[in-house]
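The lines below spell out each chain.
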Amino acid sequence: MLYAKKQMADPIAKAAYEAGITDRKFTAYNVALTDFLTPPTVNAIDTSRYSGAIGDVLAITAFDDFKVTSVQVTITGSTGAILEQGEAQLQPDTIDDWRYTATVANATLAGAKITVTVRDKPGNVTVSEKVL
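Right, let's walk through the structure included here. What you see is a predicted model; the values in this text were computed from it and never measured. (Residues numbered from 1 in each chain as written. Predicted model: local features only at pLDDT ≥ 70, side-chain atom pairs only at ≥ 80, totals over all residues. Heavy atoms only, no water.)

1. Structural notes on the packing of helix α1 (residues 2-9) against helix α3 (residues 28-37)
Then, number 1: Look at α1 against α3: their axes get within 8 Å of each other, and the N-to-C directions meet at 135°. Here α3 runs oblique to α1, going by the angle between their axes. Viewed along their axes, α1 and α3 form a crossing whose handedness is right-handed. Residues Y3, A4, K5, Q7 and M8 of α1 touch α3, and the partners they reach there are A28, Y29, A32, L33, D35 and F36. (Axes fitted to C-alpha atoms, helices over the stretch in contact; angles between N-to-C directions. Helix = DSSP H or I, 4+ residues; strand = E, 2+ residues; numbered from the N terminus. Parallel < 35°, antiparallel > 145°, perpendicular 65-115°, else oblique. Left-handed = near helix turned anticlockwise from the far one by under 90°. Contact = heavy atoms within 4.5 Å.)

Next comes the structure, spelled out in structure tokens:
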């Protein structure tokens, strides 16, 4: 409740939550409280366009009941060493379609791991991994 009260005291945050009202029974306070109680989800980590080359793309489908604020991708090599990490970019005109472009070559795909960390406005975090 403290989170929702704080959001209602901030005119910009309150307006954002008011814009998220989908049912006339709800208020901005209800939307903020539900957002706080509901972590984001990672629905898919698509590695079909990732072969370990620089410029390869990882597609992530991440959703939140209000708004995903960041999607971080970490690529760990088969030895367990972090090869690279960075922020995925939300694709234009979507709410859940994120892309990460590889910046480091990964010569050994077998056993490499893709870790996706998703955050929402209240700070809820969801981590999902895919081993190649």
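Structure shown, so let's carry the discussion forward.
2. Observations concerning the side chain of D64
Then, number 1: Within the secondary structure layout, D64 lies in the loop between β2 (57-63) and β3 (68-76).
Then, number 2: Buried charged residue D64 carries no salt bridge. Nearest counter-charge: K67, at 9.9 Å.
Then, number 3: Here F66 takes part through its backbone nitrogen, which lies 3.0 Å from a polar atom of the side chain of D64.
Then, number 4: Within the local environment of D64, its side chain forms a polar contact with the backbone nitrogen of K67, the two atoms lying 3.0 Å apart.
Then, number 5: Ignoring any residue separated from it by four or fewer positions in sequence, one finds D64 in contact with D35, T38, P39, P40 and D120. (Buried < 20%, exposed > 50% of the residue type's maximum accessible area, 1.4 Å probe, protein only. Lys, Arg positive; Asp, Glu negative; His and termini not counted. Salt bridge = Lys/Arg side-chain N within 4 Å of Asp/Glu carboxyl O. Polar contact = N/O pair within 3.5 Å; in protein donor to acceptor, adjacent residues only side chain to side chain.)

3. Remarks on the pairing of strand β7 (residues 113-120)
Then, number 1: For β7, the buried fraction is high: six of the eight residues fall into the buried class.
Then, number 2: In the sheet, β3 pairs with β7 via eight bridges, with the strands oriented antiparallel. Residue pairing in the sheet places T74 in a bridge with T115 of β7.
Then, number 3: One ladder, built from seven bridges, connects β7 with strand β8 (residues 125-131); its direction is antiparallel. Residue V116 lies in a different strand from β8, and its bridge partner there is S128.
Then, number 4: In this structure, the hairpin formed by β7 and β8 is closed by a connection of four residues, where G123 is found at a positive phi of approximately 100°. (Pairing = 2+ DSSP bridges.)

4. Considerations on the nonpolar core
For soluble globular proteins, nonpolar side chains are generally found buried alongside one another.
Then, number 1: Ranked by size, the top nonpolar core spans 17 residues in total, and within it L58, I60, V71, V73, I114 and V116 carry the most contacts.
Then, number 2: Those elements that provide at least two residues to this core are β1 (41-46), β2, β3, β6 (97-101) and β7.
Then, number 3: For this core, the leading source of residues is β3, giving four residues.
Then, number 4: With near-sequence residues (within four places) excluded, V116 lies in contact with V42, I45, I60, V71, Q72, V73, T126, V127 and S128.
Then, number 5: Judged by nonpolar contacts, the second largest core, of six residues, contains Y3, A4, Y17 and V31. (Core = buried A, V, L, I, M, F, W, Y, C linked by side-chain atoms within 4.5 Å.)

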